[in-house]
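Examination of the molecular architecture
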Amino acid sequence: MRFKRVILAVMLSAFAAAASQSRAQTSEDQVKATFLYRFVSFVSWPEGVFADAQAPIRICVLGAAPFADVLTRTTTGQRVAGRAFEIRRISELEAVTECHAVYAVGDRADAVLKATHGAPILTVTDGALGNSVTRGIVHFVTVDDRVRFHIDDARAAESRLLIDPRLLSLALSVRRRTAS
Amino acid sequence: MTPLWTTALLGSGRAIAMIAAIALMLLGLVMVAFNERTYNDQKAREIGVQAQIISASVAPALMFSDNGSAAQYLQALSANPGVSAAAVYDSRGARIATYNRRDEPQPPATAAVHAPYFENSSIVAVTPVYRDGQVFGAVYLRTDAETPLRRFSRYAGVGVLILLAALVLTVLGLAQGGALAGQFRTRGTRAAIAAGNRATQTRRRSAAAESKDGSHRPIDRRCGA
């Protein structure tokens with residue numbers, strides 16, 4: 001009887017810990033999703049990338065299905081420079097080239113970066129979910145339980161993207177673009 | 001004796017001078033009031049624009065929950081000695097960053113968005129922080145307004161000039177009135193002298209005529225009388 005109680009207590013504790021961790025992850029995903037769509041407000045794409053002035057900003061998510069749902073909820077009804085958001089969950093690398101921004105985590109992040117090299121696509125990687133060496137133009141990290149980010153402005157320059165200096169000033173580190 | 005109309009003219013000259021002096025002083029007061037209003041409006045506009053610039057600068061910090069960057073930005077305001085206090089509030093109204101000059105009170109814990117207004121010897125503006133149509137918080141900015149003594153010193157010079165001008169006008173008016181009266185008096189004297197001369201000549205002519213005609217004329221005159 002006593003043994004059963006111990007087992008029950010352990011199971012409840014494990015369940016509570018899992019629930020807490022899940023809540024924390026959801027909250028972190030929520031912050032990252034908010035940050036991700038707000039990044040768009042500080043990035044300028046080269047002319048001709050958008051079909052017209054009302055064309056939506058297409059953000060693709062590869063390898064993080066729950067995050068795609070959070071991002072969809074977060075961006076619903078939001079607009080940046082008069083453009084709505086279109087969140088697309090992709091599984092094939094080929095589809096990446098149709099996106100304006102891509103959030104890639106896990107093993108395939110490296111492949112995404114290679115596939116988008118030089119293309120006007122804002123690549124966002126996540127140090128908390130996968131290889132911390134592979135870094136997109138924006139790379140999320142968690143510092144003191146707070147979501148922060150690094151910016152690779154040199155890569156942004158290669159992709160012909162212009163990042164607002166005010167966003168650069170908030171980054172933990174910035175790899176500067178070379179003066180042209 | 002000075003004619004009545006001359007006295008009236010002298011009086012009206014003084015009155016015109018007085019009216020002109022009073023009008024000048026009133027005009028001076030109107031000018032001061034107008035300048036004061038223009039200065040206040042201009043100062044309020046300046047503070048509003050300054051608050052908007054800060055608001056645009058701290059917007060990314062609010063958007064990415066970077067309180068440290070917002071605080072750093074506010075600390076940079078210490079380079080401007082005219083800024084006495086500033087604060088950044090998030091979308092829930094909580095103060096996330098603050099700056100106040102030494103010996104100056106802290107910005108309020110909460111602040112509602114408000115057009116620039118004068119508060120004692122300060123000008124205060126509370127501007128929303130927004131981007132892409134979304135409000136992310138607010139910026140509170142308090143700067144020094146001119147002290148009453150400095151304002152007085154600014155207008156003192158103009159006031160003295162106006163008083164001097166009024167005084168000159170009065171003196172000129174009085175002097176002109178006096179000169180006119182003198183001129184009229186001189187004219188009157190000349191006319192009297194001319195009349196006297198004419199009478200003397202007439203008497204002389206009469207005397208000459210009498211000496212030619214003998215004593216008939218005086219008899220005739222007496223008979224006629």
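Residue positions are given per chain, counted from 1 along the sequence in the order it is written. In the order they appear in the text, chains get letters beginning with A and ligands get numbers beginning with 1. Side-chain atom pairs in this predicted model are given and counted only at pLDDT of 80 or more, local residue features only at pLDDT of at least 70, and totals for whole chains, interfaces and linings cover all residues. Note: side-chain values were computed over all heavy atoms of the structure, leaving out hydrogens and water.

Another aspect to go through is the confidence of the model for chain B. Per-residue confidence for chain B averages 83 on the pLDDT scale, and 87% of its residues sit at or above 70. Confidence scores here are pLDDT values: one per residue, from the predictor, ranging 0 to 100. Contacts are assigned to residue pairs with any non-hydrogen atoms lying within 4.5 Å of each other. In the predicted structure, residues 219-225 of chain B sits below a pLDDT of 50 and forms one contact with residues beyond four places in sequence or in another chain.

Take the side chain of Asp164(A) next. What counts as a helix is a DSSP run of H or I of at least four residues, what counts as a strand is a run of E of at least two, and both are numbered from the N terminus. Tracing the backbone shows Asp164(A) in the loop between strand S8 (162-163) and helix H5 (165-168). Here a polar contact is taken to be a pair of N or O atoms separated by no more than 3.5 Å, where protein atoms must pair a possible hydrogen donor with a possible acceptor and residues adjacent in sequence count only if both atoms sit in side chains. A distance of 2.8 Å separates the side chain of Asp164(A) from the backbone nitrogen of Arg166(A), its partner in a polar contact. Not counting the four nearest positions on each side in its chain, Asp164(A) is found in contact with Phe42(A) and Arg131(B).

With that settled, consider the interface of chain A and chain B. On the chain B side, the residues contacting the 18 residues of chain A number 14 residues. What gets called buried area is simply the loss in accessible area from a 1.4 Å probe that two parts show on being joined, summed for both. Taking both sides of the interface into account, the surface hidden between chain A and chain B amounts to around 1,300 Å²; carbon and sulfur atoms contribute 49%. When the buried area of chain A at its contact with chain B is split by residue, Arg38(A), Arg166(A) and Leu170(A) rank highest and sum to 44% of it. In the sections that follow, a salt bridge refers to a side-chain nitrogen of Lys or Arg positioned within 4 Å of a carboxyl oxygen of Asp or Glu. Across the contact surface, chain A and chain B share one salt bridge. A salt bridge links Arg148(A) to Asp66(B); the nearest nitrogen and oxygen atoms lie 3.1 Å apart. The interface formed by chain A and chain B holds eight residue pairs in polar contact (both at pLDDT 80 or more) in total. For the side of chain A that touches chain B, the secondary structure elements donating two or more residues are helix H1 (2-39), strand S7 (146-152) and H5 of chain A. A breakdown of the residues in the side of chain A that touches chain B according to their chemical character gives nine nonpolar, three polar and six charged. Here the term charged refers only to Asp, Glu, Lys and Arg, the term nonpolar to Ala, Val, Leu, Ile, Met, Phe, Trp, Tyr, Cys and Pro, and the term polar to all other amino acids, Gly among them.

What follows is about the environment of Ala112(B). Here Ala112(B) shows up in the loop between strand S2 (95-100) and strand S3 (114-119). Residues Ala112(B) and Pro128(B) lie 16 residues apart in sequence; the distance between their C-alpha atoms is 9.0 Å.

Now for the pattern of salt bridges. Residues and elements named next belong to chain A. Throughout the structure, instances matching the rule amount to 18 salt bridges over all chains. In this structure, Arg 175 and Asp 152 form a salt bridge, with 3.0 Å as the shortest nitrogen-oxygen distance. Here Asp 152 lies in strand S7 and Arg 175 lies in strand S9 (residues 174-175), a separation of 23 residues in the sequence. Given the relative accessible area of 47%, Arg 175 is considered partly exposed. Think of it in three bands: with a 1.4 Å probe and only protein chains considered, a residue is buried below 20% of the maximum accessible area for its type, exposed above 50%, and partly exposed in between.

Residue and element names in this part refer to chain A. Sheet architecture is open: seven strands sit in the order S3-S2-S4-S5-S6-S7-S9, paired in mixed fashion. The strands lining the two open edges of the sheet, one partner per strand, are strand S3 (85-90) and S9. Whether two strands pair depends on DSSP finding at least two bridges between them. By the bridge criterion, four bridges tie strand S2 (residues 57-62) to strand S4 (residues 101-104) in an arrangement that is parallel. Within S4, the residue paired with Ile 59 across the bridge is Ala 101. Structural elements are reduced to axes, namely lines fitted to C-alpha atoms, with helices fitted over the stretch in contact, and the angle between N-to-C directions of any two is expressed from 0 to 180 degrees. Here helix H2 (residues 65-75) sits on the sheet in contact with S2, S3 and S4, set at roughly 170 degrees to S3.

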